[in-house]
Amino acid sequence: MAGNSKAKLGIGVIGCGNISMTYLRNAALFAGVELRACADISADVAALRAREYGIRALSVDQLLADPEVDLVLNLTVPAVHFDVTMLALSAGKHVFTEKPLATSAADGRILVAEAKRRGLQLGSAPDTFLGAAGRRARRLMDEGAIGRPVSGTAFMMGRGMEHWHPNPQFYYQPGGGPVFDMGPYYLTMMVNLLGPVARVMAMATKGQEERLITADGPFKNTRFKVGTPTNILSLLEFQSGATVNFGASWDVFRHSNHPIELHGTEGSLRLPDPDTFGGTVSLSERGADWRDFESEGELYGARNWPFNAPDRANYRMLGVADLARGLEEGRSPRASGELALHVLEIMEAILQSGESRQSVSIGAQFTPSPRLDEGEARSLLA
């Protein structure tokens, strides 16, 4: 990042679908990054995004060869995350990819090793744990607010995708399902708070063998076969000794389970939906009434999404900004490839255990990054 044109980390986006608009819009919030170019399998879509955000539309090969692009932001579909990330690393680019890191732990390990071999930074979504709610929860845990963590519950439950997504079939195939699609948010948050997972036990089923698409679009009122479990209940044993029940299901119309609750020797902690950056964190000390910590007035907790009528916090690009700062400081990003790989190993183990009905040990372990303190979080802003 030497020279005038490289004062900021130059970002090239590959994959210009719906999620790209959030990243592209949020880039202006952060001091250390600058959008330079975009590419997509559809040249027309890339050209549209380029016009909207004042950047260049290139082919994938052109973007990978562009000296103005320091980091590739991989926003493609999960099935090609590995291929695109490997191409970018091979071209000498740092990478931040949407979740999951890859669709198999074996591929994830290859990516982490390749980045390390080339001296490049590899980061991965989700970065929601760096938001206001996640930082508050991590601070309380680090301060011993609930004592030694003993147990907990985490639930991601809903109806699935076919009632709102016009082309939902890919969500229900291997590499998809509620564990791979939404699990990264829950598991990343819990690993950040509790440390690495040592062992997993699970049961997994399909609520339906076929799904009916009811969303408006070309496939409305058509059916498709389900190729991956859609209802999973698992038990996670953390290296610390804490145990958490984690349920992920797309076969639930309505429920009253809280997204995440953690219980320790001195109290209990309740967290909001980890798919968002904000929300209310609640603490009960030794059975006392819940004490709420609102995030609305906190950094990266204010409502800014959806753009036309915001009702939640969404600061995607925060992880990229932290990666850029890490490059300056010679440290790994907090939303690192190693963290994403551990989460990927957990998700794969959950599905393996669900099939075998046997416990599965998690291989590689890692140490969670230091928490993002408030001063450093503020310094990332433009």
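Structure: see above.
Reading the values: the criteria
- Residues numbered from 1 in each chain as written.
- Predicted model: local features only at pLDDT ≥ 70, side-chain atom pairs only at ≥ 80, totals over all residues.
- Heavy atoms only, no water.
- Salt bridge = Lys/Arg side-chain N within 4 Å of Asp/Glu carboxyl O.
- Helix = DSSP H or I, 4+ residues; strand = E, 2+ residues; numbered from the N terminus.
- Buried < 20%, exposed > 50% of the residue type's maximum accessible area, 1.4 Å probe, protein only.
- Phe/Tyr/Trp six-rings, centres within 6.5 Å; stacked < 30°, edge-to-face > 60°.
- Lys NZ or Arg CZ within 6 Å of the ring centre and 35° of its normal.
- Contact = heavy atoms within 4.5 Å.
- Polar contact = N/O pair within 3.5 Å; in protein donor to acceptor, adjacent residues only side chain to side chain.
- Axes fitted to C-alpha atoms, helices over the stretch in contact; angles between N-to-C directions.
- Parallel < 35°, antiparallel > 145°, perpendicular 65-115°, else oblique.
- 1 Å grid on protein atoms, 1.4 Å probe; cavity = no way out; pocket = protein on both sides within 12 Å on 5 of 7 lines; lining within 4 Å.
- Points joined across faces, edges and corners; volume = space filled by probe spheres on them.
- Pairing = 2+ DSSP bridges.

Description of the pattern of salt bridges
Stage number 1. According to the stated counting rule, one finds 30 salt bridges in the structure shown.
Stage number 2. Of the charged contacts in the structure, one is a salt bridge between Asp181 and Lys99, with a shortest N-O distance of 3.3 Å. Residue Asp181 is located in helix H7 (residues 177-194), and its partner Lys99 is located in the loop between strand S5 (94-97) and helix H5 (105-118); the two are separated by 82 residues in the primary sequence. Each member of the pair, Asp181 together with Lys99, is buried.

A short note on the packing of aromatic side chains
Stage number 1. Enumeration according to the criterion identifies eight aromatic pairs in this entry.
Stage number 2. With a centroid separation of 5.3 Å and 55° between ring planes, the pair formed by Tyr172 and Phe224 is classed as tilted. Linking Tyr172 in the loop between strand S7 (149-157) and H7 with Phe224 in strand S10 (residues 223-225), this pair joins segments that are 52 residues apart in sequence.
Stage number 3. What links up through ring pairs into an aromatic cluster is the set Phe170, Tyr171, Tyr172, Phe224 and Trp250.
Stage number 4. Residue placement shows Arg25 over the ring face of Phe307; its charged tip is 3.8 Å from the ring centre.

What to know about the environment of Gly108
Stage number 1. Summarising the element assignment, Gly108 is placed in helix H5.
Stage number 2. C-alpha of Gly108 to C-alpha of Ala340: the two residues are 232 residues apart in sequence and 8.3 Å apart in space.
Stage number 3. In this structure Gly108 touches Leu101, Ala102, Leu341 and Leu344, once residues within four positions along its chain are discounted.

Some points on the environment of Ser240
Stage number 1. Looking at where Ser240 falls in the secondary structure, it is placed in the loop between strand S11 (231-238) and strand S12 (243-249).
Stage number 2. Along the sequence, Ser240 and Val320 sit 80 residues apart, while their C-alpha atoms lie 29 Å from each other.
Stage number 3. Polar side-chain contacts of Ser240 include one of 3.4 Å to the backbone nitrogen of Ala242.

Points about the packing of H5 against helix H9 (residues 337-356)
Stage number 1. The geometry of H5 relative to H9 is characterised by a closest axis approach of 9 Å and an angle of 170° between their N-to-C directions. Taken together, the axis directions place H5 and H9 in an arrangement best described as roughly antiparallel. The segment H5 lies against H9, with Ala105, Gly108, Arg109 and Val112 engaging Gly337, Glu338, Leu341, Leu344, Glu345 and Glu348.

Examining empty space enclosed by the protein
Stage number 1. Evaluated as defined, the whole model comprises three cavities of 30 Å³ or more.
Stage number 2. What the largest cavity holds in volume is close to 130 Å³.
Stage number 3. Residue lining of the largest cavity: 16 residues in total, with Phe129, Leu130, Arg138, Asn192 and Ser369 positioned closest to the centre.
Stage number 4. Those elements that provide at least two residues to the lining of the largest cavity are helix H6 (132-142) and H7.

Digging into the pairing of S12
Stage number 1. In terms of burial, S12 is largely enclosed, as five of its seven residues are buried.
Stage number 2. Sheet topology places S7 next to S12; seven bridges connect them, and they run parallel. Bridge pairing in S12 places Ala154 opposite Phe246.
Stage number 3. Bridge count between S11 and S12: seven bridges; the pairing is antiparallel. For Leu235, the partnering residue across the bridge sits in S12 and is Asn245.

Side note on the sheet that holds strand S6 (residues 122-124)
Stage number 1. Taking strand neighbours across the sheet as the criterion, the six strands line up as S3-S2-S1-S4-S5-S6 in an open arrangement whose pairing is parallel. Looking at the sheet topology across the chains shown, the edges are occupied by strand S3 (56-57) and S6.
Stage number 2. As paired elements, strand S1 (residues 9-14) and strand S2 (residues 33-39) share six bridges and run parallel to each other. Looking across to S2, one finds that Ile11 is bridged to Leu35.
Stage number 3. Helix-sheet contacts for helix H8 (residues 318-329) involve S1, S2, strand S4 (71-74), S5 and S6, and the interaxial angle to S5 is about 155°.

Concerning unusual backbone geometry
Stage number 1. Here the residue pair Lys99 and Pro100 is connected by a cis peptide bond, since its omega of -10° sits within 30 degrees of zero.
Stage number 2. Mapping Pro100 onto the fold places it in the loop between S5 and H5.
Stage number 3. Here the residue pair Ala125 and Pro126 is connected by a cis peptide bond, since its omega of 5° sits within 30 degrees of zero.
Stage number 4. Even without being glycine, Arg286 reaches a positive phi, approximately 50°.
Stage number 5. Assignment of secondary structure puts Arg286 in the loop between strand S15 (281-285) and strand S16 (291-293).
Stage number 6. Accessibility expressed as a relative area gives 63% for Arg286, which makes it exposed.
Stage number 7. For Met317, which is not glycine, the phi dihedral falls at a positive 115°.
Stage number 8. Here Met317 lies in the loop between S16 and H8.

Quick notes on the sheet that holds S12
Stage number 1. Taken in spatial order, the nine strands make up an open sheet running S16-S15-S14-S13-S7-S12-S11-S8-S17, and their pairing is mixed. Strands with a single pairing partner mark the edges of an open sheet, and in this sheet they are S16 and strand S17 (360-361).
Stage number 2. Its contacts with the sheet place H7 against S7, strand S8 (197-205), S11, S12, strand S13 (260-264) and strand S14 (267-271), and it is angled at close to 160° to S12.
Stage number 3. Together, S8, S11, S12 and S17 form the strand contacts of H9, whose direction differs from that of S8 by roughly 45°.

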